[in-house]
Amino acid sequence: ALANLAYNDDNEAAIVAAGGIEVLVSLARDGNEGQKEDAVRALWNLSANDDLKVAIAAAGGIEALVSLARDGNEGQKEEAAGALWNMIE
């Protein structure tokens, strides 16, 4: 659900204001399989915003995304690769 909310600019701002990026990065790193995939999907959506790319990187998101792109399940790999692609775009 959070991944879908992250498509909207107003919701992006609310997620950031609530400390959501740090929580999503933490879940991407330490959550269960489903939590990791959902968190990475939300990060993928948020990473389309240039300002949020910096916040994701500052929260340790690049390391978490690279780890899942390398070692995650198929869904995690796809979502992480999409987020990383946004991060370099």
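Residues numbered from 1 in each chain as written. Predicted model: local features only at pLDDT ≥ 70, side-chain atom pairs only at ≥ 80, totals over all residues. Heavy atoms only, no water.

Draft legend 1. Region of the structure containing the side chain of Glu79. With respect to the helices and strands, Glu79 occurs in helix α7 (residues 74-88). We classify Glu79 as buried; its relative accessible area is 9%. Sequence-distant contacts of Glu79, that is, excluding residues within four places in its chain, are made with Glu37, Val40, Arg41 and Trp44. (Helix = DSSP H or I, 4+ residues; strand = E, 2+ residues; numbered from the N terminus. Buried < 20%, exposed > 50% of the residue type's maximum accessible area, 1.4 Å probe, protein only. Contact = heavy atoms within 4.5 Å.)

Draft legend 2. Molecular detail of the nonpolar core. Ranked by size, the top nonpolar core spans 18 residues in total, and within it Ala28, Leu43 and Leu46 carry the most contacts. Secondary structure elements with two or more residues in this core: α3 (20-30), α4 (33-46), α5 (50-58), α6 (61-71) and α7. With five residues, the top contributor of residues to this core is α4. (Core = buried A, V, L, I, M, F, W, Y, C linked by side-chain atoms within 4.5 Å.)

Draft legend 3. Inspection of the packing of α3 against α6 at higher detail. The N-to-C vectors of α3 and α6 enclose an angle of 30°; their axes lie 9 Å apart at closest approach. Judged by the inter-axis angle, α3 sits roughly parallel to α6. Every pair of crossing elements has a handedness; the one defined by α3 and α6 is left-handed. Side by side, α3 and α6 meet where Val25, Ala28 and Arg29 of the first sit next to Gly61, Ala64 and Leu68 of the second. (Axes fitted to C-alpha atoms, helices over the stretch in contact; angles between N-to-C directions. Parallel < 35°, antiparallel > 145°, perpendicular 65-115°, else oblique. Left-handed = near helix turned anticlockwise from the far one by under 90°.)

Draft legend 4. Summary view of the pattern of salt bridges. What the rule picks out here adds up to six salt bridges. Of the charged contacts, one joins Arg41 and Asp38 as a salt bridge, the two residues approaching to 3.1 Å between their closest N and O atoms. With a gap of three residues between them, Arg41 and Asp38 both fall in helix α4, about one helical turn apart. Using a relative accessible area of 27% as the deciding quantity, one classes Arg41 as partly exposed. Classification of Asp38 by relative accessible area gives partly exposed; the value is 43%. Residue Arg41 pairs with Glu79 through a salt bridge whose shortest N-O separation is 3.2 Å. On the criterion of sequence distance, the pair formed by Arg41 in helix α4 and Glu79 in helix α7 is long-range, its members being 38 residues apart. Each of Glu37, Asp38, Arg41 and Glu79 takes part in one network of salt bridges that share partners. (Salt bridge = Lys/Arg side-chain N within 4 Å of Asp/Glu carboxyl O.)

Draft legend 5. Quick peek at α7. The first and last C-alpha atoms of α7 sit 21 Å apart over 15 residues, in line with the 21 Å expected at 1.5 Å per residue. Among the residues of α7, those classed as buried are Gly75, Gln76, Glu79, Ala80, Gly82, Ala83, Asn86 and Met87. The buried residues of α7 occupy one face: seen down the axis, they fall within an arc of 155°. In this structure, α7 carries Glu74, Glu78, Trp85 and Ile88 as exposed residues pointing more than 90 degrees from its buried face. Residues of α7 that are buried make contact with α4, α5 and α6. Of the residues that open α7, the one with a side-chain oxygen 3.0 Å from the backbone nitrogen of Gly75 is Asn73. (Expected span 1.5 Å × (residues − 1). Arc of directions from axis to C-beta. Polar contact = N/O pair within 3.5 Å; in protein donor to acceptor, adjacent residues only side chain to side chain.)

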